[in-house]
Amino acid sequence: MISEKMRPLIENNSVIRVMFEEGKRLASIYGAENVFDFSLGNPNVPAPKEVEQAIYDTLRAEDSCFVHGYMSNAGYEDVRETVARSLNARFGTGFHQNNILMTVGAASGLNVILKTILNPGDEVVVFAPYFVEYGNYVRNYDGQLVVISPDTSTFQPNLEELSQRITAKTKAVIINTPNNPTGVIYSDETLRQMAQVLENRQKELGTEIVLISDEPYRELAYDGAEVPYVTKYYANTVVCYSYSKSLSLPGERIGYLVIPDEMADSQAVFTAATIANRVLGCVNAPSLMQRVIKRCIEMGAQVNLAAYEENRNLLYGGLKKLGFSCIRPEGAFYLFVKSPVEDDKAFCAQAQKHNLLFVPGSSFACPGYVRLAYCVSREQIERSLPAFARLAEDYGL
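Thresholds, definitions, all that
Residues numbered from 1 in each chain as written. Predicted model: local features only at pLDDT ≥ 70, side-chain atom pairs only at ≥ 80, totals over all residues. Heavy atoms only, no water. Helix = DSSP H or I, 4+ residues; strand = E, 2+ residues; numbered from the N terminus. Rg over C-alpha atoms; globule rule 2.2 N^0.38 Å. Buried < 20%, exposed > 50% of the residue type's maximum accessible area, 1.4 Å probe, protein only. Areas by Shrake-Rupley, 256 points an atom, 1.4 Å probe, with all protein chains shown as cover. Lys, Arg positive; Asp, Glu negative; His and termini not counted. Charge placed at Lys NZ, Arg CZ, Asp CG, Glu CD. Expected span 1.5 Å × (residues − 1). Arc of directions from axis to C-beta. Contact = heavy atoms within 4.5 Å. Pairing = 2+ DSSP bridges. Axes fitted to C-alpha atoms, helices over the stretch in contact; angles between N-to-C directions.

Chemist: How would you sum up the overall build of the chain? Please name residues and give values.
Modeler: For the chain, the helix and strand inventory stands at 14 helices and 13 strands. The globule rule puts the C-alpha radius of gyration for 397 residues at 21 Å, and the 21 Å found for the chain is close to it. Here the C-alpha coordinates of the chain stretch approximately 60 × 55 × 50 Å along the principal axes. A total of 397 residues make up the chain; the buried ones form 55% of that total. Accessible area for the chain stands at about 16900 Å²; split by element, carbon and sulfur atoms hold 49% of it. Taking the 37 positively charged and 46 negatively charged side chains of the chain as two groups, their mean positions are separated by 2 Å.

This is how it looks when you write it as structure tokens:
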């Protein structure tokens, strides 16, 4: 009954989700206050007050058939124009509504653009560590995932290996900055060099390579760090954005794709992506949330970044004092910690004995590390530190 494509997904169900379910099981035994779940990137910071106001204003001011009805598969024209103008004001770009396609979150956006560009057997390059679902999204369209090994000294992309691994079958490269799971922001210099690699290889091979920039964490950058806007570096760029983290709306599934005019066959790609949005079954992004996003942009709504920054400082500082090794995140809300033993899964299992839950780095193609999501309450982090201390003692740190 079950398709052959689904069988490996059942057998290798997401470790992140498995850990999340384990957290609920442990909470039922020990009490939620005694279980320290750092597994899932589910924002604890409330949505900005402007979101509630925007929902209220939308439902009060606009005709209900308009709010809840169908629209163009690409989304409401005025919403797309508002997104384009906001990006232009922030990043000095020149977008218009026909560069913006509203999507059912970032995951759907990635599937839309991959369906648009991939033929069976085409290769998509990712940099380890990478978000585990990228592989599943590529395989949805019979593509092949090519994984570039990690540079664990900086966690910037390994560009020398990228150049070597690009072939005539390479159709796309996916980047994620600020990065899940490391919190690293790809630097201006990194992006310039990456663009040069892609341009050189396109010319050598006579092909076109799409750079897909997955950016759900763009607004979560600390210490004044800037996240470069990728379309400025490379013409064949598609940006995939989500409001899940920037407005704490993961369950509302709202985001967009940017397909710039500078991209080869831009309007043909946009038209195809719009059709892909429909035939994948999404049809269109949620109508109410599109109207809400427009108002939130106009009101300048922003998530409480200070809360995440406090959590980062508390958890990073606490673990460093206990002897754990990790890099200081520049963005997102994840801490990538080096396992004190080679087997990161064994380290996770030992942590569970102290009701500490996090995700092994091998799930991100980077064994020997673990990911902690600090988008939790400050109180949970404070309560967890004694458990981390006991875990550190287990390994003689």
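Chemist: Which residues make up helix H10 (residues 266-279), and what values do they have?
Modeler: Between its first and last C-alpha atoms H10 spans 20 Å; for 14 residues at 1.5 Å apiece the expected length is 20 Å, and the two agree. If you check which residues of H10 are buried, you get Ser266, Val269, Phe270, Ala273, Thr274, Ala276 and Asn277. The buried side chains of H10 occupy one side of the element, clustering within an arc of 160° when seen end-on. As for H10, its buried residues are in contact with helix H5 (77-91), strand S2 (100-103) and helix H6 (105-117). Where H10 ends, the next residue or the one after it, Gly281, has phi of about 100°, a positive value.

Chemist: Any chance you could break down the sheet that holds strand S7 (residues 237-242) for me, citing the residues and the numbers?
Modeler: Read from one edge to the other, the open sheet built from seven strands follows the order S2-S8-S7-S6-S5-S3-S4, with strand pairing classed as mixed. Single-partner strands in this sheet number two, and they are S2 and strand S4 (144-148). Across the sheet, the mean angle separating the axes of adjacent strands is 20° when strand polarity is ignored. Examined bridge by bridge, strand S3 (residues 123-127) and S4 share five bridges and lie parallel to one another. Bridging from a neighbouring strand, Glu123 pairs with Gln144 of S4. On top of the sheet, H5 reaches S2 and strand S8 (255-258); it is set at about 115° to S2, its chief contact.

Chemist: Could you give an account of the sheet that holds strand S12 (residues 359-360), naming the residues involved and the relevant values?
Modeler: With antiparallel pairing, four strands are arranged side by side in an open sheet as S9-S10-S13-S12. The two strands at the open ends of the sheet, each matched to only one other strand, are strand S9 (325-326) and S12. Bridge analysis of strand S10 (residues 334-338) against strand S13 (residues 369-373) gives five bridges, and the strand direction is antiparallel. Across the sheet, Phe336 pairs through a bridge with Arg371, a residue of S13.

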